[in-house]
Amino acid sequence: KGVLIGMLPMDAAIGAARVGQIVEVQRTLIARIRTAVATAAAGVAVLPLPMADAPLLIGLHTILVVAISQVAGKRPTPERIREFFGALGMSALSGWGLRELARQAAKLVPGYGALASPPIAFGATWAIGRAAEAWFLDEVSPEEARRIFEQARSVDPTTLPDYQASQKEQGG
């Protein structure tokens, strides 16, 4: 099932996952989306100007949550998306905010910011995707969503199966 989903164009895969409601297929597709968006976030984070990438990352995070909601068979209304981000809570978002400030400050040091920012952006985006998967697919509580987000945020992105698979696909 997962192999077939991997061969479909993204919009067809999302439709199949929503209609079929087969959790294994949904998880496979969510992992594919999470990796693609996290990789894009890492690419955006290379922008050398502090705060230039923040609006793009916020947009990518919103797109990620909307896509995961769709794959999980939930209609991605603005209220539902706000509810998810609210479920992460101020502690999770303030922790993300402090990490984001550190990432932006690193850009003030030429060269260092370009090295430090992409893994942080990838990890934060991957963590948001992992929490969104749990929230929309497993219907976890707000506390559990925050716990999953915090746990996922503390993982080295280069050790994630999604990251490793994306590197293989890119020939890395």
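These numbers come from a predicted model, not from an experiment.

*Asks:* Just checking my understanding: could you explain the nonpolar core for this structure?
*Replies:* Generally speaking, soluble globular proteins have nonpolar side chains that are buried together. In this structure, Ile33, Val65, Phe84, Phe85, Ile128, Trp135 and Phe136 are the most contacted members of the largest nonpolar core, which totals 38 residues. If you list the elements that add at least two residues to this core, you get helix H3 (23-44), helix H4 (54-71), helix H5 (78-106), helix H6 (112-136) and helix H7 (142-153). Top element by residues in this core is H6. It accounts for 10 residues. When sequence neighbours within four positions are dropped, the list of residues in contact with Trp135 reads Glu83, Phe84, Ala87, Val140, Ser141, Pro142 and Ala145.

*Asks:* Just checking my understanding: could you explain the packing of H3 against H4 for this structure?
*Replies:* Packed helix pairs are characterised by how far apart their axes lie and by the angle those axes make with each other. The interhelical angle for the contact between H3 and H4, taken along N-to-C directions, is 175°, at an axis separation of 10 Å. In terms of orientation, H3 and H4 fall into the roughly antiparallel class. Two secondary-structure elements touch here, H3 through Gln26, Leu29, Ile30, Ile33, Arg34, Val37, Ala40, Ala41 and Val44 and H4 through Leu56, Leu57, Leu60, Leu64, Ala67, Ile68 and Val71. When the residues that make up the contact of H3 with H4 are grouped by side-chain class, the tally is 14 nonpolar, 1 polar and 1 charged.

*Asks:* How should I be thinking about the environment of Ala145 in this particular structure?
*Replies:* You can see Ala145 is positioned in helix H7. C-alpha separation for the pair Ala145 and Ala132, spaced 13 residues apart in sequence, amounts to 7.6 Å. In this structure, Ala145 is in contact with Leu88, Ala131, Trp135 and Val140, ignoring residues within four places of it in sequence.

Scoring rules and cut-offs
- Residues numbered from 1 in each chain as written.
- Predicted model: local features only at pLDDT ≥ 70, side-chain atom pairs only at ≥ 80, totals over all residues.
- Heavy atoms only, no water.
- Core = buried A, V, L, I, M, F, W, Y, C linked by side-chain atoms within 4.5 Å.
- Buried < 20%, exposed > 50% of the residue type's maximum accessible area, 1.4 Å probe, protein only.
- Helix = DSSP H or I, 4+ residues; strand = E, 2+ residues; numbered from the N terminus.
- Contact = heavy atoms within 4.5 Å.
- Axes fitted to C-alpha atoms, helices over the stretch in contact; angles between N-to-C directions.
- Parallel < 35°, antiparallel > 145°, perpendicular 65-115°, else oblique.
- Nonpolar A, V, L, I, M, F, W, Y, C, P; charged D, E, K, R; others polar.

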